[in-house]
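# Secondary and tertiary structure notes
One-letter residues, chain by chain:
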Amino acid sequence: MSEQPAMNRWIVVAGAILIQLCLGAIYAWSVFAKPLSAPDGGYGFTNTQTQIIFSAGLAVFAVVMVIAGRLQAKTGPRPIAMLGGIVLGIGYILGGLFGKTYLAQLICIGFIGGAGIGLGYVVPIAVGVKWFPDKKGLITGLSVAGFGFGATLWVKLAGGFKTILWLVPANYAGLIKTTSLMGLPGVQSVFLLYGIVFLVCVVLGSLVMINPPAGYKPKGWTPPPATAAASGALDMTSGEMLATPQFYLLWLTFMGSAMAGLMVIGCISLFGTDALLASGAADKDQVAVITGTAMALLAIFNGMGRIIWGSVSDKIGRKPSIFLMCLLQGVIMLAFYKIGGSTMGLIAGACIIGFNFGGNFALFPAATADFFGNKNVGLNYGWVFLAYGVAGICGPFIAGYFTDAAKAAAAAAASPELALAAKLAAWKMPMLIAAAGCFAGAVLSALVKPPKAKA
């Protein structure tokens, strides 16, 4: 560990939340996907292309996190977090300046932006677990809560909000509609502005990303005995972890659970629009307000889920918490196709999905520390987090593929009503696939057992 003087450990939490607020911008992608794919938006991307950019960001995020875990163990956490902020900021700045084409957006926002998130994301988790070995579930939830809450902030700033829902003096149209920095279109102007903000804020948060002194333990806390199962007392290297069946069961569980949430996050605006119009629950003007509210509340509950599931897991255990989270997510994914056609159903479903999805990011890093040790959690969780990268490719791509197919079916429909029905029907299979992944995760979580200490 870095030889740093002891300090108030809650300062680390504040820095972690500031960093994660910016990294959570990737979950605001749905608000940009709509103007990028709109026929009159000036970009002309397909739904699949917008989801590929989102998926690329998630996949690069996960892969780079493995590298970041190794680097921060060697160089210390502060420089890696700082580098993450610089790379993320540059990616969005370049996306704003040159992001007129699909390829430019894929490279700048997907690859470069995703790499910045991967560099920065692992640091608050690894540092937090070392400062809070007595509250691993809660602290990992708090450390990454900003990631979920940040999406709400960036969605509302970019897409706008209404007075009644958000208690502000006047309706706010959003940066996409009102901003034109350097003469750039709205989407690119927002990317440019966000890039500058991300760079500054992540670098500031990185200043307190330091490890506790060697041998540090919280006052009044007694470390568990070395033979305790699932306590963090077993310090495995990545090679030792990868040789255990527990790693692969945990990995597959994470992938199944994360896929559902990522699919909904990437396209809830599109699904909500199709479902509400097909059911007649809202007209075109109302749909934009309702889906925007659903996106924002999903992000808020995403952040809440990280804190609450983490705290719950400290009390009932990581394994029961993961099982319950996956089971509940599978049930709501089965129901979402039906209830999404009403205003309250869409919003309630989005809240539950976001809440459960957020739990992944408190439960799986804490479970990684429990099963394989606190010492190498930064590197080990990077390997576990690759499951999220695979889920980030599968979930949004599945949704994008089926919705593009629905567009073709709608274009061939004999009436507007049949066109709406065709577009809505395309969402049934993605929801079923996501639900199956969650139920599989619940089963796998019930099978996994903590590794045993070596004799």
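Please read these numbers as outputs of a predicted model, since none were measured by experiment.

### Quick look at helix α1 (residues 9-23)
Because an α-helix completes one turn every 3.6 residues, residues spaced three or four positions apart along the sequence face the same direction. Here α1 spans 22 Å end to end across 15 residues, near enough to the 21 Å set by a 1.5 Å rise per residue. Contacts made by the buried residues of α1 are with α4 (77-98), α5 (102-131), α6 (136-159) and α9 (186-206). Two to three positions downstream of the cap, the backbone nitrogen of W10 sits 2.9 Å from a side-chain oxygen, assigning the N-cap of α1 to N8.

### Some points on the environment of G148
Position of G148 among the secondary structure elements: in helix α6. The class for G148 is buried, based on a relative accessible area of 0%. As a C-alpha pair, G148 and I26 span 122 residues in sequence and 9.8 Å in three-dimensional space. Not counting residues within four places of it along the chain, the set of residues in contact with G148 comprises A299, N302, G303 and R306.

### With respect to the packing of α6 against helix α12 (residues 284-316)
In contact at an axis separation of 7 Å, α6 and α12 are set at 175 degrees when each is read in the N-to-C sense. Considering their axes alone, α6 and α12 lie roughly antiparallel with respect to each other. Its residues placed into classes, the contact of α6 with α12 shows 14 nonpolar, eleven polar and four charged.

### What about α12?
Here α12 contains 33 residues, and its C-alpha end-to-end distance of 45 Å stays within 8% of the 48 Å for a straight helix at 1.5 Å per residue. A positive backbone phi angle near 105 degrees is found at G317, which sits one or two residues after α12.

### Side note on the confidence of the model for the protein
Per-residue confidence for the protein averages 84 on the pLDDT scale, and 92% of its residues sit at or above 70. The least confident element of the protein is helix α7 (residues 163-166), whose mean pLDDT is 47; the most confident is α4, at 95. Confidence drops under pLDDT 50 across residues 1-5; counting only partners more than four residues distant or on other chains, this segment forms 14 contacts.

### Some details on the side chain of S206
Among the secondary structure elements, S206 is positioned in helix α9. The exposure class assigned to S206 is buried, which follows from its relative accessible area of 0%. Engagement of the side chain of S206 in a polar contact is seen with the backbone oxygen of V203, the distance being 2.6 Å.

### With respect to the packing of aromatic side chains
According to the stated counting rule, one finds 33 aromatic pairs in the structure shown. On the numbers, 5.6 Å between centres and 45 degrees between planes, the contact of Y194 with F198 is tilted. Of this pair, Y194 and F198 both sit in helix α9, four residues apart, roughly one helical turn. Residue class for Y194 comes out buried when judged on its relative accessible area of 2%. We classify F198 as buried; its relative accessible area is 0%.

Calculation notes
Residues numbered from 1 in each chain as written. Predicted model: local features only at pLDDT ≥ 70, side-chain atom pairs only at ≥ 80, totals over all residues. Heavy atoms only, no water. Helix = DSSP H or I, 4+ residues; strand = E, 2+ residues; numbered from the N terminus. Expected span 1.5 Å × (residues − 1). Contact = heavy atoms within 4.5 Å. Polar contact = N/O pair within 3.5 Å; in protein donor to acceptor, adjacent residues only side chain to side chain. Buried < 20%, exposed > 50% of the residue type's maximum accessible area, 1.4 Å probe, protein only. Axes fitted to C-alpha atoms, helices over the stretch in contact; angles between N-to-C directions. Parallel < 35°, antiparallel > 145°, perpendicular 65-115°, else oblique. Nonpolar A, V, L, I, M, F, W, Y, C, P; charged D, E, K, R; others polar. pLDDT = per-residue confidence, 0-100. Phe/Tyr/Trp six-rings, centres within 6.5 Å; stacked < 30°, edge-to-face > 60°.

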